[in-house]
Amino acid sequence: IVALPVLAITGAIQMKFFGGGTTLASDSVKLAQQVVSDSVQNSRTVHAIGCERALVGAYREGIHEAFGGYVVNAFIAGLAYGFSLSAPIFIVAGGFLYADFLIKEGMNSFMDVMLAFMGILYVGMAIGQAMGRLGDMEKAK
């Protein structure tokens, strides 16, 4: 039962990743996309004015501003996702060690231990998935 909060939190992290919760759209990337879109749509005008280099510079500047933030966010997201995948594995390993102790001491049978263990494991994962699907309370206000 101690593992339920850990399973819930790790399940919520996984659901954020599966639901696209890690996608970031910064203003500089949007500006760079707008520069490219406008340049392509108005390519004759851009060529006639001769401002190709200025537009390429604006695009590069927008991409470089956003790149630094994405690297840090991707690193943190990777660590969080790795934790969310490894925590249930370690909990299962600890649970099986404890189940082995209970069976050797004759406190429970193998079937009783597995029923209880799997019930707790699946409840924790279901709570985490439900938490991951909850909307952001700040956005709701």
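Everything below is about the structure printed above this text.
Residues numbered from 1 in each chain as written. Predicted model: local features only at pLDDT ≥ 70, side-chain atom pairs only at ≥ 80, totals over all residues. Heavy atoms only, no water.

**Q** Would you mind showing me how to read the overall build of the chain here?
**A** For the chain, the count of helices and strands is 6 helices and 0 strands. Ordered by position from N to C terminus, the α and β elements of the chain give α-α-α-α-α-α. Buried residues in the chain amount to 23% of all 141 residues. A separation of at least 24 residues holds for 77% of the contacts in the chain among residues at least 6 apart in sequence. Summed over all atoms, the accessible surface of the chain reaches about 10,200 Å², with 68% contributed by carbon and sulfur. (Helix = DSSP H or I, 4+ residues; strand = E, 2+ residues; numbered from the N terminus. Buried < 20%, exposed > 50% of the residue type's maximum accessible area, 1.4 Å probe, protein only. Contact = heavy atoms within 4.5 Å. Areas by Shrake-Rupley, 256 points an atom, 1.4 Å probe, with all protein chains shown as cover.)

**Q** How should I be thinking about helix H2 (residues 27-41) in this particular structure?
**A** For an α-helix, the turn length of 3.6 residues means that residues three or four places apart are oriented alike. Its 15 residues place the ends of H2 21 Å apart at the C-alpha level, agreeing with the 21 Å of an ideal helix rising 1.5 Å per residue. Within the sequence span of H2, burial applies to Ser28, Val29, Ala32, Val35 and Ser39. Along the axis of H2, the buried positions cluster into a sector of 120°, meaning they face one direction only. The outward face of H2, more than 90 degrees from its buried face, is lined by the exposed residues Asp27, Gln33 and Gln41. (Expected span 1.5 Å × (residues − 1). Arc of directions from axis to C-beta.)

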